[in-house]
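Now for the letters of each chain:
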Amino acid sequence: MPIGPALTRDAGFDALTAFLAGPGADYAAARNTDRGPEARPTTSALSPFLRRRLLTEDEVVRAALSAFGEDGAQKFVSEVFWRTYFKGHLETHPEAWTSYRAGLDTARARLDAEPGLRRVYGQAVDGRTGIDGFDDWARQLTGEGWLHNHTRMWFASIWIFTLRLPWELGADFFLRHLLDGDPASNTLSWRWVAGLHTRGKHYLARRENIRQYTQGRYDPSGLDEDAEPLDEAMPPREVPLPKADAPPEGEVALLLHLDDLHPESLPLGRARVVRIGGLLAHADGASAQVREADEAAMADALARAGTHFACGAEPIRDGWAGDRPVVTAWAPLGPSADALPGGCLRIRRDWDERAWPFSARGYSRLRSAIPKVLRD
Ligand SMILES: Cc1cc2nc3c(=O)[nH]c(=O)nc-3n(C[C@H](O)[C@H](O)[C@H](O)COP(=O)(O)OP(=O)(O)OC[C@H]3O[C@@H](n4cnc5c(N)ncnc54)[C@H](O)[C@@H]3O)c2cc1C
């Protein structure tokens, strides 16, 4: 799925239009098939746009509902809500993020100390394991910055259960190279494959399944199809959902970051935006391709915001906001949240405000609440 054009809101709409006119109609039946990077995708490929909210979940879901009706769009809508679920889940389980980061440090120290592990890791990230499919996917990830969902599942499962590599190193490999790299979806999906998200339930990649859903392109032998799930001593604790701020009245400076680049639809109440600043905080070690995509997305958002609010909009520098209150969209756990200057007022969209309270446990609670969330 080559992303092709730079990441802008207009490019996002083009991708949405192409999906609605093409694979959208057959999405539920075809979405598990990965036809390969040269073929037309079976899914929307909207994730790089949704991840940065160049398009919002709300507009993508409503476009699908209006094109295919409630029944026809059901599977797609449910998939979009997985993104919402993972974000809400990580906000209420921040330890899943901090323990991933700590586990990554430990795994990197092991790479320095253990030549055998270093060798297998090197083969995996360079695509030299000899496992049919896996090696192509490693090269597709670093080359294109994207993998089909089913392929991500196979890749993560082979990484953990066949190659026996620490899952944190695989999650880091994804986060640095995926154009949609996202702390919540990525960390929690790797935990899910490993059997840590739904404790004891892991995802095992099977040869026959790969053969079927790659339409015979791959037929890997030697996979461990009987491995036990991973376990951990202390699962992440649940904490209450942090509260958002209310937008103040009067003049404000608006800070944009990579988790929310559609400032035109932010719930700003009676705040009047007179200055706009952009904060670029990439994932640690992000590839050149991901950085370029981030920069293009931010440039697009600053240009749109400057026109919409009729004021100056540029990357932040010292004193950019003057002494006005700084308002920003809620930044979920991750690089933007880490880099936000102190004292920002963080406002949350209705979408997250309504869905996240259903996201603290398993996905089924949110799935049942989708009609209510959409109605409200
Ligand atoms: C190990 C692993 C790591 C992943 N890492 C990321 C990541 O870093 N960033 C990321 O955005 N997604 C991640 N995903 C989820 C999923 O693979 C991608 O969101 C999806 O492949 C994007 O392709 P698409 O836009 O064509 O999806 P479509 O099938 O067209 O779905 C539409 C939208 O729904 C959301 N969505 C669909 N499936 C999922 C899912 N399983 N979980 C969460 N949201 C979903 C995405 O926003 C997607 O754009 C990961 C999945 C796995 C198994």
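Residues numbered from 1 in each chain as written. Predicted model: local features only at pLDDT ≥ 70, side-chain atom pairs only at ≥ 80, totals over all residues. Heavy atoms only, no water.

**Q** Help me out: how do you make sense of the UniProt feature "domain: Cryptochrome/DNA photolyase FAD-binding" (unreviewed entry) in the protein chain in this one?
**A** Listed under "domain: Cryptochrome/DNA photolyase FAD-binding" (unreviewed entry) in the UniProt record, and renumbered for this structure, are residues 76-221. With 71% helix and 0% strand, the stretch residues 76-221 has end C-alpha atoms that lie 32 Å from each other. (UniProt positions renumbered as here; feature names shortened; annotations may be inferred. Helix = DSSP H or I, 4+ residues; strand = E, 2+ residues; numbered from the N terminus.)

**Q** When you look at the packing of helix α1 (residues 9-21) against helix α4 (residues 57-92) in this model, what are you seeing that I'm missing?
**A** Two quantities define a packed helix pair, namely the angle between the axes and the distance from one axis to the other. α4 packs onto α1 with a crossing angle of 20 degrees between their chain directions and a minimal axis gap of 11 Å. As the angle between them shows, α1 and α4 are arranged roughly parallel. Crossing hand, α1 versus α4: left-handed. When α1 is examined against α4, the residues R9, F13, L16, F19 and L20 are found in contact with a partner set consisting of E59, V60, A63, A64, A67, F68 and F76. (Axes fitted to C-alpha atoms, helices over the stretch in contact; angles between N-to-C directions. Parallel < 35°, antiparallel > 145°, perpendicular 65-115°, else oblique. Left-handed = near helix turned anticlockwise from the far one by under 90°. Contact = heavy atoms within 4.5 Å.)

**Q** Please clarify how unusual backbone geometry should be interpreted in this entry.
**A** Most peptide bonds take the trans form, and the phi angle of most residues other than glycine is negative. You will see that A45, though not glycine, has its phi angle at about 55 degrees, which is positive. Residue A45 is classed as buried on the basis of its relative accessible area of 11%. You will see that A310, though not glycine, has its phi angle at about 55 degrees, which is positive. We classify A310 as exposed; its relative accessible area is 69%. (Buried < 20%, exposed > 50% of the residue type's maximum accessible area, 1.4 Å probe, protein only.)

**Q** Just checking my understanding: could you explain the domain arrangement of the protein chain for this structure?
**A** It is common to give the size of an interface as the accessible area that goes away when the parts come together. Each assigned domain of the protein chain is listed here: domain 1 (9-91 + 356-375), domain 2 (94-213) and domain 3 (250-347). The partner domain 2 presents 22 residues to the 19 residues of domain 1 that form the contact. Surface buried jointly by domain 1 and domain 2 totals about 1,800 Å² across both partners, of which 56% is contributed by carbon and sulfur atoms. In terms of surface lost to domain 2, no three residues of domain 1 exceed D34, F86 and L90, which account for 37% of the buried area on that side. Counting across the interface, domain 1 meets domain 2 through 1 salt bridge. In this structure, R51 engages D182 in a salt bridge whose closest nitrogen and oxygen atoms are separated by 3.9 Å. Elements represented by at least two residues in the side of domain 1 that touches domain 2 include exactly α3 (47-51) and α4. (Domains from an automatic or database assignment. Buried area = accessible area lost by both parts, 1.4 Å probe. Salt bridge = Lys/Arg side-chain N within 4 Å of Asp/Glu carboxyl O.)

**Q** Where do I start with the packing of aromatic side chains in this structure?
**A** The relative placement of two aromatic rings is captured by the distance of their centres and the angle of their planes. Using the criterion set out here, one finds 22 aromatic pairs in the structure. Ring centres 4.8 Å apart and planes at 25 degrees place the aromatic pair F81 and W351 in the stacked group. Linking F81 in helix α4 with W351 in helix α14 (residues 350-355), this pair joins segments that are 270 residues apart in sequence. One exposure class covers both F81 and W351, and it is buried. Between F155 and F174 the ring centres are 5.5 Å apart and the planes differ by 35 degrees, which places this aromatic pair in the tilted class. Here F155 is found in helix α8 (residues 149-162), whereas its partner F174 is found in helix α9 (residues 167-177), with 19 residues between them in sequence. An aromatic cluster of at least three residues, connected via ring pairs, comprises Y121, F134, F155, W159, F173, F174 and W190. (Phe/Tyr/Trp six-rings, centres within 6.5 Å; stacked < 30°, edge-to-face > 60°.)

**Q** What is the right way to read the site of the ligand from this model?
**A** Taken together, 27 residues form the shell around the ligand, and within it Y27, T43, S44, A45 and R83 come nearest. Within the backbone of L46, a nitrogen or oxygen atom sits 3.0 Å from an oxygen atom of the ligand. Between the ligand and D182 there is a distance of 3.0 Å, counted from an oxygen atom to a backbone nitrogen or oxygen. Taking 820 Å² as the accessible area of the ligand by itself, protein coverage stands at 97%. For the shell around the ligand, the elements supplying multiple residues, two or more each, are α3, α4, α8 and α10 (183-194). With 6 residues, the single largest contributor to the shell around the ligand is α4. In terms of domain composition, the shell around the ligand takes at least three residues from each of domain 1 (9-91 + 356-375) and domain 2 (94-213). (Near = heavy atom within 4 Å. Polar contact = N/O pair within 3.5 Å; in protein donor to acceptor, adjacent residues only side chain to side chain. Areas by Shrake-Rupley, 256 points an atom, 1.4 Å probe, with all protein chains shown as cover.)

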